[in-house]
Amino acid sequence: MKGDVEKISGVESRKLRVVLSSVTQPYGEPKILAEYVSSQLRNRVPFRRTMKKAIELVGRTSDRGIKIQIAGRLNGSEMARVEWVREGRVPLQTIKARVGYFYHPAQTIHGVLGIKTWTFRGTG
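It should be emphasised that the depicted structure is a prediction, and the values quoted were computed from it without experimental measurement. (Residues numbered from 1 in each chain as written. Predicted model: local features only at pLDDT ≥ 70, side-chain atom pairs only at ≥ 80, totals over all residues. Heavy atoms only, no water.)

Engineer: Please explain the packing of aromatic side chains as it appears in this structure.
Structural biologist: The relative placement of two aromatic rings is captured by the distance of their centres and the angle of their planes. Under the defined criterion, the tally for this structure stands at two aromatic pairs. Note on Tyr-27 and Tyr-36: the rings are 5.8 Å apart at their centroids and 75° apart in plane angle, and the pair reads as edge-to-face. Lying over the aromatic face of Trp-84, Lys-67 brings its terminal NZ or CZ to 5.2 Å of the ring centre. The ring of Trp-118 has Lys-67 sitting right over it, with the charged end atom 4.8 Å from the ring centre. (Phe/Tyr/Trp six-rings, centres within 6.5 Å; stacked < 30°, edge-to-face > 60°. Lys NZ or Arg CZ within 6 Å of the ring centre and 35° of its normal.)

Engineer: I'm lost on the nonpolar core in this one. Help?
Structural biologist: Across soluble globular proteins, you tend to see nonpolar side chains buried next to one another. The biggest cluster of nonpolar side chains holds 18 residues, and the ones touching the most others in it are Val-37, Leu-41, Ile-68, Ile-70 and Ile-115. If you list the elements that add at least two residues to this core, you get α2 (30-42), α3 (47-58), β1 (65-72) and β4 (111-123). By residue number, the principal contributor to this core is α3, which donates six residues. Excluding residues within four positions of it along the chain, Ile-68 makes contact with Leu-33, Met-51, Ala-54, Ile-55, Glu-83, Trp-84, Val-85, Lys-116 and Thr-117. (Core = buried A, V, L, I, M, F, W, Y, C linked by side-chain atoms within 4.5 Å. Buried < 20%, exposed > 50% of the residue type's maximum accessible area, 1.4 Å probe, protein only. Helix = DSSP H or I, 4+ residues; strand = E, 2+ residues; numbered from the N terminus. Contact = heavy atoms within 4.5 Å.)

Engineer: How should the environment of Gln-107 be read in this particular structure?
Structural biologist: Mapped onto the fold, Gln-107 is located in strand β3 (residues 97-108). Given a relative accessible area of 52%, Gln-107 falls into the exposed group. C-alpha separation for the pair Gln-107 and Ser-39, spaced 68 residues apart in sequence, amounts to 9.4 Å. Leaving out residues up to four positions away in the same chain, Gln-107 has contacts with Arg-42 and Val-112.

Engineer: Which parts of the structure should I look at to understand α3?
Structural biologist: An α-helix turns once per 3.6 residues; consequently, residues spaced three or four apart project the same way. Between its terminal C-alpha atoms α3 stretches 17 Å, which fits the 16 Å expected from twelve residues at 1.5 Å a residue. Of all the residues in α3, the buried ones are Phe-47, Thr-50, Met-51, Ala-54, Ile-55, Leu-57 and Val-58. For α3, the buried positions fall inside an angular range of 160° around the axis, keeping them on one side. Facing away from the buried side of α3 by more than 90 degrees, the exposed set consists of Arg-49 and Lys-52. In this structure, the buried residues of α3 make contact with α2, β1 and β2 (81-88). (Expected span 1.5 Å × (residues − 1). Arc of directions from axis to C-beta.)

Engineer: Which parts of the structure should I look at to understand the sheet that holds β2?
Structural biologist: The antiparallel open sheet is built from four strands, whose spatial order is β2-β1-β4-β3. Lying at the two open borders of the sheet, with one neighbouring strand each, are β2 and β3. Pairwise comparison of adjacent strand axes, ignoring direction, gives a mean angle of 10° for this sheet. Across the sheet, α3 lies against β1 and β2, angled at about 25° from β2, the strand it touches most. (Pairing = 2+ DSSP bridges. Axes fitted to C-alpha atoms, helices over the stretch in contact; angles between N-to-C directions.)

As structure tokens, this is what we get:
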């Protein structure tokens with residue numbers, strides 16, 4: 001694997017160091033959480049139930065706050081709208097706050113839904 005990465009990146013002359021680390025709390029990561037919500041919406045699960053279930057999964061982690069936002073034609077309605085849910089605090093104006101963010105589009109039969117997730121891990 002290391003040799004393949006060296007060939008792709010073109011840094012064969014320098015030494016490349018690959019460090020793998022496991023994720024202890026996968027639903028605490030905004031990328032994994034957004035992909036989970038996206039897969040549920042593609043399977044036509046109602047968006048409110050999906051958001052509540054995602055908040056429940058994150059509740060078991062050590063994060064201090066979570067915010068999930070879904071925008072688009074929710075449940076196939078004619079008018080697009082934005083719905084969001086938050087638990088805990090997610091201070092987006094504080095620079096010292098460690099906030100993780102990820103955007104993931106979900107292709108449904110009614111159109112594209114935009115999913116945004118924020119996780120707040122604390123300050124410092």
